[in-house]
Amino acid sequence: MRISRQTLLLLSMLFCIYTQIAGQEQNNQLPEKYVESVQRSTHTNNWAVLVDASRFWFNYRHVANVLSIYRSVKRLGIPDSQIILMLADDMACNARNPRPGQVYNNAKQHINVYGDDVEVDYRGYEVTVENFVRLLTGRTQNGTARSKKLLTDAGSNVLIYLTGHGGDGFLKFQDSEEITSQELADAVEQMWEKKRYNELFFMVDTCQAASLYEKFTSPNVLAVASSLVGEDSLSHHVDQSIGVYMIDRYTYYALEFLERVQPNSKKSMGEFLQVCPKRVCISTVGVRKDLYRRDPNKVPITDFFGSIRPTQISTGRINITLEDEEDFINAAIAAEEEAAQRSTFKVEFPSQFPTELFK
Amino acid sequence: MELKIKIICFIALLVSPIGAVKEFSEFHEELYIRPTSSGHVNTFFQFTTRWHYGDRENLHNTQLIPRPIAETLLLYDVKELHIGLTQGLWRYETFGYPVVDSAPGAEVRAWFAAENLTSADVDDQWTKLASTFSGILCASLNFIDKTNSVEPKYSFRPTFATGSKVNVPQFVRYATLPREIVCTENLTPWKKLLPCNSKQSFASLLNSGYVHNTNYHSLGMKMRTICESHNTNCILEFTETANMVYDPKLLGANGDFSLRRLFGQGLNGHCALAKSSKIYVNLDDQSYDLTPLPMYNTTSKRGGSTSTFGVYDIQRLDGDKLFNIAWIKSKNNKPSILLTPPPPLYAHRYILGHGQERGQIVTQITNKHYHALPIVFQENIPWFVPSYMHTLKLIVQPSNGVEYQIQPRVMHYIPGVQRVRPYHLELLFEIPAMSTVQISFDFDYIFLKWLEYPPDANHGHYLGSAIITTQLPIGRNYTAIPIDKHLFVDSFNATRSSYFLEIRTESLILSLPTPDFSMPYNVICLACTVVALAFGPIHSVATKRIVIEQKDGQPQSLKGKVLQKLFRRKQNNAGNSTKEVEQHEKLLFGQAAADISIRKN
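Since the model is a prediction, treat every value here as computed from it, not as a measurement.

Draft legend 1. Structural view of the overall build of chain B. Helix and strand counts for chain B stand at ten helices and 29 strands. Buried positions account for 52% of the 601 residues belonging to chain B. When contacts within chain B are restricted to residue pairs at least 6 apart in sequence, those whose partners lie at least 24 apart make up 76%. Summed over its atoms, the accessible surface of chain B is roughly 28,100 Å², and 55% of this surface lies on carbon and sulfur atoms.

The following block contains the structure:
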């Protein structure tokens with residue numbers, strides 16, 4: 001009886017302390033409005049930079065990796081003009097490919113990730129560290145085509161996806177050079193200083209991938225890596241008909257997840273970060289959230305993988321009829337009649353062969 | 001609902017003037033199919049847009065012509081542009097001559113003309129133009145620069161017309177990238193330049209899976225301007241071509257084939273913007289029965305040869321069904337071999353020699369015609385292949401007779417400079433009837449600088465194909481479109497006094513000697529080992545304590561020394577005959593007779 005009274009006392013005391021602490025916690029929290037405004041997305045456009053850094057047929061899986069992400073971002077609404085796709089080698093039309101023009105994510109040929117509508121911006125020998133850093137920092141050479149530029153601004157959410165062969169602190173490009181994590185961090189810092197992104201999602205599938213985001217210091221960067229430092233990233237399975245590995249584990253499960261995402265879906269980045277648990281990935285997926293101010297669990301996945309923009313529908317009427325509509329049409333017809341008279345003229349073409357030199 | 005109506009009204013308003021102006025830009029789609037003598041099927045698509053744009057400022061408002069093409073004319077002084085993206089080899093002996101010839105890999109050729117234009121301006125515009133189209137066509141054309149471009153003097157003549165009475169300076173530039181691959185990423189943007197996009201009409205037949213499994217496929221783009229007077233009252237012609245050679249045996253079904261089997265699907269109608277949409281089927285090979293039969297047949301007599309074509313006018317078809325044409329081997333015909341004589345002129349090219357020091361490039365041009373033919377031969381050798389023109393030899397090998405050497409009538413040679421410009425050679429000579437001319441010259445294999453090797457250096461380096469141009473007196477196997485016309489149908493009955501022909505040789509692959517790329521790594525490893533080996537003893541000498549053992553009664557004779565060495569271990573173990581003394585390091589050098597042993601401290 002005595003013991004039970006003592007316990008009761010103790011319990012009541014504990015309860016008092018608990019309520020006090022809980023109350024304090026509530027007082028310490030940020031105002032709800034502020035939290036919401038931080039949580040709200042402020043981006044106006046979406047870009048994606050997808051890089052396969054390895055060459056040669058036995059690296060088929062890296063091309064399949066990058067094309068998986070390409071397929072997903074394109075399906076979710078980022079237009080080709082805002083996707084920079086870098087492929088260091090051609091797998092689809094490779095002489096070793098028994099299915100020309102097709103790259104699959106699976107030996108059972110579930111998804112042709114290459115598709116029938118693909119635009120590769122940098123390919124073959126163009127995929128170099130220099131071009132990649134120039135692209136990110138916007139320091140492309142004079143005369144570079146528009147589709148080869150990352151024309152982002154302070155409102156852009158940028159997705160950077162890298163895959164290839166990596167080690168502690170570097171990623172190999174084409175087996176001949178490598179980008180270090182410091183160079184990568186400097187490029188991102190320069191992007192931030194030049195107001196070239198609003199938020200950046202850095203995703204990398206390579207061995208020791210986590211080492212690549214370690215040096216980042218720039219704000220608003222969320223990073224995910226397929227393996228921690230000291231770990232290898234592993235491939236998923238081999239296709240006997242082509243004799244090489246098809247795809248890497250991390251990207252395979254990422255694609256599986258992204259295939260279930262629709263442009264209007266409520267799936268969050270938080271869910272995406274847990275896409276490959278250790279029992280399927282074998283490597284441990286690394287996540288870096290300290291530079292990111294939003295809670296990934298409340299960020300829609302389409303903030304990075306799609307291109308959903310807030311739209312305002314106006315029901316008001318706008319008068320766009322031309323004032324001098326008839327004059328406009330008559331002038332066009334007159335101009336064209338005049339042009340018709342000028343459109344037939346005689347032209348003399350030069351001889352196509354230097355016959356005079358054979359006489 | 002109200003809003004919707006409003007939008008429709010707005011569109012109608014905008015369309016009406018455009019619809020009227022449409023008369024001055026016309027679009028034609030054509031497909032030409034011909035079974036070749038080798039049993040292959042040659043299919044050729046041509047999409048032609050011709051726009052009478054008049055004055056230069058009208059280029060800002062494009063209709064059927066894609067905007068980037070019109071803007072190119074505004075930005076650069078380019079008047080004529082040819083781009084070819086080709087995979088595979090065109091076999092002239094069995095396929096005949098293509099409508100548009102193209103070199104393996106990527107090939108770009110452009111003419112620039114403007115008042116006060118200088119060669120330096122053109123060099124600048126040329127690289128920028130290539131870079132622009134690199135973005136438009138997703139090809140690595142941005143690798144084109146001064147180091148791989150040449151300025152042919154005799155091979156190419158302009159097919160554009162400035163209409164200017166004054167002599168406007170004209171410049172031509174030509175470059176090839178033989179390594180360039182062609183895949184869906186090139187086909188996609190190429191299709192997007194068409195007015196009806198890729199899902200409708202003839203373009204819907206170009207499905208990536210069925211384009212890239214062919215023996216030969218080539219995407220082409222040609223643009224030229226024709227002006228009445230200088231830069232005013234102009235016409236812009238923009239032609240996109242796709243040429244594929246299929247092997248029906250690989251498609252199964254006993255050599256029979258159909259549109260659906262070749263392209264993966266039937267034809268889903270025509271482009272609503274097209275003025276004409278026609279399929280031309282060559283009927284010279286009579287071992288096939290066609291279903292359905294052509295709507296009408298037409299005969300083309302050109303340069304002494306006659307061909308029959310069946311025509312399908314897709315605009316006259318009705319119904320939503322996919323249109324298909326099937327070629328079925330005739331049952332009553334005996335299996336016959338089509339006796340098509342080989343084309344009058346063809347060429348091959350090889351690298352001769354062994355080892356990695358000296359080699360020889362040999363081109364063989366064969367004339368099967370019974371008259372001599374005038375030839376312009378052009379070589380564009382990269383700067384990393386130093387060629388020796390004093391070894392240039394032209395040897396005629398008549399089909400019956402003794403071979404003899406000839407001299408070229410004209411030789412235009414610009415020696416290459418390493419890392420600056422390529423070697424450019426143009427030769428004009430006459431090739432005698434029924435004979436082969438062998439053009440050969442020597443070259444050296446050289447080492448490149450460390451960083452100039454591509455990541456796959458052991459794959460080898462490519463040499464672009466040589467171009468051979470001639471003027472044929474006969475039109476056998478000849479299907480090119482005459483210079484003053486723009487449609488494929490214009491090649492019917494287009495008899496001229498001579499036929500300008502352009503053919504290309506194979507591109508070559510050259511295994512340049514490669515350095516040992518792991519050498520720096522080896523040097524680092526070796527240097528580290530040496531340093532480690534040197535550092536180890538110095539470190540131990542500097543940090544370890546020296547213990548000197550001095551023994552009593554050192555024997556002086558050799559026998560005694562040997563015996564002592566042998567038995568020392570035992571004595572040491574016993575530990576009673578030696579006396580250990582610790583001394584300072586400097587003492588070590590004074591004790592000549594001392595037996596020294598070192599211990600870890």
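Draft legend 2. Representation of the interface of chain B and chain A. Listed by partner, the interface residues are 66 residues for chain B and 52 residues for chain A. Here chain B packs against chain A, burying approximately 5,100 Å² in sum over the two surfaces, 61% of which is carbon and sulfur. Across the chain B-chain A interface, the total number found is seven salt bridges. Across the chain B-chain A interface, the total number found is 23 residue pairs in polar contact (both at pLDDT 80 or more). Among the elements that line the side of chain B that touches chain A, the one with the most residues is helix 1 (residues 2-21) of chain B, at eight residues. Each residue belonging to the side of chain B that touches chain A can be placed in one class, and the counts come to 30 nonpolar, 21 polar and 15 charged.

Draft legend 3. Examining the UniProt feature "active site" (unreviewed entry) in chain A more closely. All names here are of chain A. On the UniProt side, "active site" (unreviewed entry) is annotated at positions that read His165 and Cys207 here. Sequence-wise these annotated residues cover 43 residues; spatially they are packed, their C-alpha atoms never more than 6.5 Å apart. Structurally, His165 can be placed in the loop between strand 4 (156-163) and strand 5 (166-167). His165 gets classed as partly exposed once you look at its relative accessible area, which sits at 28%. Once you skip the residues sitting within four places of it in the chain, His165 turns out to touch Ser54, Asn59, Arg61, His62, Leu171, Lys172 and Thr206. Note on placement: Cys207 falls in the loop between strand 8 (199-205) and strand 9 (221-225). In this structure, Cys207 is in contact with Gly166, Gly167, Ser227, Glu231, Asp232 and Ser233, ignoring residues within four places of it in sequence.

Draft legend 4. Summary view of the domain arrangement of chain B. All names here are of chain B. On domain assignment, one finds that chain B holds domain 1 (23-329) and domain 2 (345-466 + 505-510). The C-alpha-based centres of domain 1 and domain 2 are spaced at 29 Å. Taken together, the contact pairs 21 residues of domain 1 with 25 residues of domain 2. Summed over both partners, the interface of domain 1 with domain 2 comes to about 1,900 Å²; 56% of that surface belongs to carbon and sulfur atoms. Three residues, Thr147, Tyr154 and Arg179, lead the burial of domain 1 against domain 2; their summed loss comes to 31% of the area buried on that side. Counting across the domain 1 and domain 2 interface gives one salt bridge.

Draft legend 5. Representation of the nonpolar core within the structure. Membership of the largest hydrophobic core comes to 77 residues, with the highest contact counts inside it found for B:Phe45 and B:Ile279. Considering every element that reaches this core, the biggest residue donor is helix 4 (residues 119-137) of chain B, with seven residues. Setting aside residues no more than four positions away along its own chain, B:Ile279 makes contact with B:Leu31, B:Ile33, B:Phe202, B:Leu259, B:Leu267, B:Gly310, B:Val311, B:Tyr312, B:Ile314, B:Phe323 and B:Ile325. Listed in part, the 58 residues of the second largest apolar core include A:Ala64, A:Val103, A:Phe257 and A:Phe305.

Draft legend 6. Quick peek at the domain arrangement of chain A. When the domains of chain A are assigned, the result is domain 1 (42-305) and domain 2 (312-359). Placing a centre on the C-alpha atoms of domain 1 of chain A and another on those of domain 2 of chain A gives a separation of 45 Å.

Draft legend 7. Up close: the sheet that holds strand 4 (residues 105-113) of chain B. Residues and elements named next belong to chain B. With respect to topology, eleven strands assemble into an open sheet ordered 5-6-4-3-7-8-2-1-10-13-12, the strand pairing being mixed. At either end of the open sheet lies a strand with only one pairing partner, and these are strand 5 (149-150) and strand 12 (296-302). With 13 bridges joining them, strand 2 (residues 41-54) and strand 8 (residues 232-246) adopt antiparallel strand pairing. Paired with Arg50 across the two strands is Glu237, which belongs to strand 8.

Draft legend 8. Broad picture of a negative patch on the surface. Taken together, the side chains of A:Glu323, A:Asp324, A:Glu326 and A:Asp327 present a region of like negative charge at the surface. Relative to the assigned elements, A:Glu326 resides in helix 10 (residues 325-342).

Draft legend 9. Up close: the pairing of strand 10 (residues 274-282) of chain B. All names here are of chain B. Counting buried positions along strand 10 gives seven out of nine residues, so the element sits mostly inside the fold. Note: strand 1 (residues 25-35) against strand 10, seven bridges, orientation parallel. Looking at the pairing, Glu29 lines up with Ser277 of strand 10.

Draft legend 10. Main features of the confidence of the model for chain B. Residues and elements named next belong to chain B. Mean pLDDT over chain B works out to 85, with 88% of the residues at or above the 70 mark. Here residues 1-23 scores under 50 on pLDDT; set against residues more than four positions off or in separate chains, the count is 15 contacts. Within the model, pLDDT remains below 50 along residues 575-601, and this stretch shows 35 contacts once partners closer than five positions in the same chain are excluded.

Draft legend 11. A look at the packing of aromatic side chains. Tallied over the entire structure, the rule returns 39 aromatic pairs over all chains. Residues A:Phe257 and A:Phe272 carry aromatic rings whose centres are separated by 5.8 Å and whose planes lie at 55 degrees to one another, so their mutual orientation is tilted. In this pair, A:Phe257 sits in helix 6 (residues 249-259) while A:Phe272 sits in helix 7 (residues 269-273), placing the two residues 15 residues apart along the sequence. Like A:Phe272, A:Phe257 is buried. Seen in terms of ring centroids, B:Phe156 and B:Tyr174 are 5.3 Å apart; in terms of plane orientation they differ by 45 degrees. Their pairing is tilted.

Draft legend 12. Quick look at the pattern of salt bridges. Residues and elements named next belong to chain B. Evaluation of the coordinates by the stated rule reveals 38 salt bridges over all chains. Among the salt bridges present, the one from Asp123 reaches Lys146, with a minimum N-O distance of 3.8 Å. Here the residue Asp123 occupies a position in helix 4, and Lys146 occupies one in the loop between helix 4 and strand 5, the gap between them amounting to 23 residues. On the basis of relative accessible area, Asp123 is assigned to the buried category, the value being 18%.

Draft legend 13. Region of the structure containing the side chain of A:Asn157. Within the secondary structure, A:Asn157 is located in strand 4. When sequence neighbours within four positions are dropped, the list of residues in contact with A:Asn157 reads A:His43, A:Asn45, A:Asn46, A:Trp47, A:Asn198, A:Glu199, A:Arg294, A:Asp303 and A:Phe304.

Draft legend 14. Representation of the state of the cysteines in the model. This structure, assessed with the given rule, holds four disulfides over all chains. Each sulfur in the disulfide pair A:Cys93 and B:Cys183 lies 2.0 Å from the other. Taking the sign of the torsion about the S-S bond as the criterion, the disulfide between A:Cys93 and B:Cys183, at about 80 degrees, is right-handed. Note that A:Cys93 is positioned in the loop between strand 2 (83-87) and strand 3 (122-123) and B:Cys183 in the loop between strand 6 (170-177) and helix 5 (184-192), a pairing that runs across two chains. Grouping residues by exposure puts A:Cys93 and B:Cys183 together as buried. Each disulfide pairs two cysteine sulfurs, and for B:Cys227 the partner residue is B:Cys234, the sulfurs being separated by 2.1 Å. On the sign convention where negative is left-handed, the bridge of B:Cys227 and B:Cys234, at about 105 degrees about the S-S bond, is right-handed. Here the two residues B:Cys227 and B:Cys234 agree in accessibility, since each one is buried. Between A:Cys207, a free cysteine, and A:Cys281, which holds the nearest cysteine sulfur, the sulfur-to-sulfur gap is 12 Å.

Draft legend 15. Layout of unusual backbone geometry. A cis geometry characterises the amide bond from B:Thr291 onward to B:Pro292, with omega recorded as -10 degrees. Structurally, B:Pro292 can be placed in the loop between strand 11 (288-291) and strand 12. Phi angles above zero are rare outside glycine, and A:Phe56 is one such case at about 85 degrees. Along the polypeptide, A:Phe56 turns up in the loop between strand 1 (45-52) and helix 3 (60-75).

Draft legend 16. Examining the environment of B:Gly220 more closely. Residues and elements named next belong to chain B. Checked against the element boundaries, Gly220 lands in strand 7 (residues 216-229). Residue classification places Gly220 among the buried positions, given a relative accessible area of 9%. Along the sequence, Gly220 and Asp484 sit 264 residues apart, while their C-alpha atoms lie 19 Å from each other. Beyond its immediate sequence surroundings of up to four residues, Gly220 is in contact with Ile83, Gly84, Trp190, Thr239, Glu240 and Thr241.

Draft legend 17. Fine view of helix 5 of chain B. Taking burial as the measure, the nine residues of helix 5 of chain B include eight buried ones, the bulk of the element. Of the positions making up helix 5 of chain B, those classed as buried are B:Thr184, B:Glu185, B:Asn186, B:Leu187, B:Thr188, B:Pro189, B:Trp190 and B:Lys191.

Draft legend 18. Geometry of the environment of B:Ile483. Along the polypeptide, B:Ile483 turns up in the loop between strand 24 (467-472) and strand 25 (499-504). According to the relative accessible area criterion, B:Ile483 is partly exposed, its value standing at 26%. Once the C-alpha coordinates of B:Ile483 and B:Ile468 are considered, the two residues, 15 residues apart in sequence, prove to be 18 Å apart. In contact with B:Ile483, other than residues within four places in its own chain, are A:Phe349, A:Pro350, A:Gln352, B:Pro158, B:Thr159 and B:Arg224.

What counts and how
Residues numbered from 1 in each chain as written. Chains lettered and ligands numbered in written order. Predicted model: local features only at pLDDT ≥ 70, side-chain atom pairs only at ≥ 80, totals over all residues. Heavy atoms only, no water. Helix = DSSP H or I, 4+ residues; strand = E, 2+ residues; numbered from the N terminus. Buried < 20%, exposed > 50% of the residue type's maximum accessible area, 1.4 Å probe, protein only. Contact = heavy atoms within 4.5 Å. Areas by Shrake-Rupley, 256 points an atom, 1.4 Å probe, with all protein chains shown as cover. Buried area = accessible area lost by both parts, 1.4 Å probe. Salt bridge = Lys/Arg side-chain N within 4 Å of Asp/Glu carboxyl O. Polar contact = N/O pair within 3.5 Å; in protein donor to acceptor, adjacent residues only side chain to side chain. Nonpolar A, V, L, I, M, F, W, Y, C, P; charged D, E, K, R; others polar. UniProt positions renumbered as here; feature names shortened; annotations may be inferred. Domains from an automatic or database assignment. Core = buried A, V, L, I, M, F, W, Y, C linked by side-chain atoms within 4.5 Å. Pairing = 2+ DSSP bridges. Patch = residues over 30% accessible without salt bridge, like charges linked within 9 Å, V, L, I, M, F, W, Y side chains within 5 Å. Lys, Arg positive; Asp, Glu negative; His and termini not counted. Charge placed at Lys NZ, Arg CZ, Asp CG, Glu CD. pLDDT = per-residue confidence, 0-100. Phe/Tyr/Trp six-rings, centres within 6.5 Å; stacked < 30°, edge-to-face > 60°. Disulfide = S-S within 2.5 Å.

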